[in-house]
Amino acid sequence: MIYHSTRNRGVTADSAQAVLSGLAPDGGLFLPAALPEFDAAACLSGTPEQMAVQILSALLPDIPHMDTLVHRGYSGKFTAPDLTPTVKAGDFTVLELFHGPTSAFKDIALCMLPQLLTAAREVKGQEKKILILTATSGDTGKAALAGFADVPGVGICVFYPDGGVSQIQRLQMATQEGANVSVCAVRGNFDDAQTGVKRIFAACADGKLLESRDFCLSSANSINIGRLAPQIMYYFKAYRDLLDRGEVKSGESVNFSVPTGNFGDILAGYLARELGLPVGRLICASNANNVLTDFLRTGTYDRRRELHKTASPSMDILVSSNLERLLYLLSRDPDLVRSLMEQLSEQGFYTVPASLKEKLDALFWGDFCTDEAGTRIIGRVWADYGYLCDPHTACGWAAAERYRAATGDCAPMVVLSTASPYKFADAVLTGLGASVPEDAFDRMDLLQEKTGVPIPRNLASLKGKPILHRTVLDREEMLPFVLKR
Ligand SMILES: *Cc1c(COP(=O)(O)O)cnc(C)c1O
């Protein structure tokens, strides 16, 4: 299947090469030239693993044996037998995406990506090792490290903003074992780390820097289509659960509220819709970094603002990479996308044409939630429904409520829950009106005592693990650090 860059239809790759490369060589993102025919009804009748097989073989047909890869990717790694369970809480259905090995929704993609990458490497007959470079706002890093640790033929290097992730997130990464892993803090915020990674890719794009080295680069960020594609499955799974419970009739639309940062998760929802799932509105939920809310309301994307550190750090992002894919999918105009992305990088903002804005309005709705409002929601949802949500999920909940109040659209609403409340126990305790102990493990213990919700085993077991990674770098030092490996 032909993939091409969002910025130039002449820059092409097959689906295996697109997974291997991550970013397209012209700086754009890979998308299929045309979406495949897809039998959504057949997909809905399968188990979550079977759903993943159908979706991934449709989108990545150049990678063979998808059933084996999916089984290897997921089997035995999740604490929920159906991978992504749904729970009814009040009027909403919560789609829990945090039952994987690192208690974050990114596990769903990052359990699969190593399988897809190593298979793609084989298909393309590539002999060099693959070095995965990843910038993380907290959750991707650990999920990627866990997914790639000791996978043959692959190395992984994770950069996170120094001081920009939670205590538990930092511990999760700094204690990661594996002969092929490195972890580095970068002075600055997430955008600095992400820009640093993009610059390394750009510097190595012509192949000269890596000619004499035994590795080539790829990415585990959601700019990689192999990271994005596995996320489509759980939209189908949620819909199937609603069908099974008689809450929707086949074909009826369901709205999804998605806590959003890099726009990967919500774009997977859009792709689910393009593959035939009856998705109504996609609610784009942000925190105080409300650049996407403003964009969806005005049509102007403007990154010229302070990045706020919030209680939902995985959404502390000013440049949402995957939005580029949506701009292409809605306009089918690579020249437009290229010029918008140039404006964004040179002037810090762009405005989409009115025709594109209209399409956005029909599909998406944006809102945001401050930390204070999120804290109140965590307390209220616990008090009213006995459901414990993390601060990212609280943003999704807030946007879902506001959407209903503003539009009167009462279609079934699925709120995506992207992290275990135990990854952000400080904010959750505050929401419950409890005092917050100094130590991250005391926080988890107190939260368990107060709610009876069990601490995920992978988080409890961090206690006492040795710190293996202590490097802190400036952005300019990232490229030399990678090259000296
Ligand atoms: C990554 C992440 C998000 C945002 O997902 P994107 O695909 O970047 O939009 C939301 N919540 C949590 C907990 C995350 O880790």
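To be clear, the structure that these remarks concern was listed above.
Residues numbered from 1 in each chain as written. Predicted model: local features only at pLDDT ≥ 70, side-chain atom pairs only at ≥ 80, totals over all residues. Heavy atoms only, no water.

## Details of the sheet that holds strand 15 (residues 413-417)
Sheet architecture is open: six strands sit in the order 4-5-15-10-11-14, paired in mixed fashion. Here the strands that pair on one side only, and so sit at the sheet edges, are strand 4 (86-89) and strand 14 (364-368). Shown here is a sheet whose adjacent strand axes are inclined to one another by a mean of 25°, direction ignored. The strands touched by helix 12 (residues 264-274) within the sheet are strand 10 (254-259), strand 11 (279-286), strand 14 and strand 15, with strand 11 carrying the most contacts at an inclination of about 175°. (Pairing = 2+ DSSP bridges. Helix = DSSP H or I, 4+ residues; strand = E, 2+ residues; numbered from the N terminus. Axes fitted to C-alpha atoms, helices over the stretch in contact; angles between N-to-C directions. Contact = heavy atoms within 4.5 Å.)

## Quick word on the pattern of salt bridges
Here the structure, examined in full by the defined rule, presents 20 salt bridges. Residues Arg7 and Glu324 are paired through a salt bridge, measuring 2.7 Å at the closest nitrogen-oxygen approach. Of this pair, Arg7 sits in the loop between strand 1 (2-5) and strand 2 (8-14) while Glu324 sits in helix 14 (residues 323-331), placing them 317 residues apart in sequence. When its relative accessible area of 18% is taken as the criterion, Arg7 is described as buried. Residue classification places Glu324 among the buried residues on the basis of a relative accessible area of 5%. Note that Asp426 and Arg443 form a salt bridge whose closest N and O atoms lie 3.8 Å from each other. One end of the pair, Asp426, is in helix 19 (residues 425-431); the other, Arg443, is in helix 20 (residues 440-451), and 17 residues separate them in sequence. Shared partners join several salt bridges into a network, and the residues in it are Asp82, Lys237 and Asp241. (Salt bridge = Lys/Arg side-chain N within 4 Å of Asp/Glu carboxyl O. Buried < 20%, exposed > 50% of the residue type's maximum accessible area, 1.4 Å probe, protein only.)

## Describing the site of the ligand
Not every one of the 15 residues close to the ligand is listed here, only the nearest: Lys106, Asp139, Gly261, Asn262 and Thr418. Here an oxygen atom of the ligand and a backbone polar atom of Asp265 are 2.9 Å apart. Side-chain polar atom of Ser314 to an oxygen atom of the ligand: 3.4 Å apart, as the coordinates give it. In isolation the ligand exposes 380 Å². Once the protein is present, 98% of that is buried. (Near = heavy atom within 4 Å. Polar contact = N/O pair within 3.5 Å; in protein donor to acceptor, adjacent residues only side chain to side chain. Areas by Shrake-Rupley, 256 points an atom, 1.4 Å probe, with all protein chains shown as cover.)

## Observations concerning the packing of aromatic side chains
Any pair of aromatic rings gets described here by the distance separating the centres and the angle formed by the planes. What the rule picks out here adds up to 13 aromatic pairs. Geometrically, the ring pair formed by Phe159 and Phe481 is edge-to-face, given 6.2 Å between the ring centres and 70° between the ring planes. A residue pair is termed long-range when its members are at least 10 positions apart, and Phe159 in strand 7 (residues 154-161) and Phe481 in helix 22 (residues 478-483) qualify at 322 residues. Here Phe159 and Phe481 have matching classes, each one buried. Ring pairs connect the aromatic residues Phe92, Tyr385 and Trp397, which therefore count as one cluster. (Phe/Tyr/Trp six-rings, centres within 6.5 Å; stacked < 30°, edge-to-face > 60°.)

## Observations regarding the layout of surface pockets
One number sums up the size of the largest pocket: a volume of about 1300 Å³. What lines the largest pocket is a set of 47 residues, and nearest its centre among them are Leu23, Gly27, Lys198, Phe201 and Ala202. Taken together, the elements giving at least two residues each to the lining of the largest pocket come down to strand 2, helix 1 (15-21), helix 9 (190-204), strand 9 (215-219), helix 14 and helix 15 (334-347). Examining the composition of the lining of the largest pocket, we find that nine residues originate from one element, helix 9, more than from any other. Here the residues of the lining of the largest pocket sort into 22 nonpolar, twelve polar and 13 charged. Quantified by volume, the second largest pocket comes out at close to 450 Å³. Taken together, 21 residues make up the lining of the second largest pocket; nearest its centre are Thr79, Phe98, His99, Pro454 and Pro456. Considering only residue class, the lining of the second largest pocket consists of eleven nonpolar, seven polar and three charged. (1 Å grid on protein atoms, 1.4 Å probe; cavity = no way out; pocket = protein on both sides within 12 Å on 5 of 7 lines; lining within 4 Å. Points joined across faces, edges and corners; volume = space filled by probe spheres on them. Nonpolar A, V, L, I, M, F, W, Y, C, P; charged D, E, K, R; others polar.)

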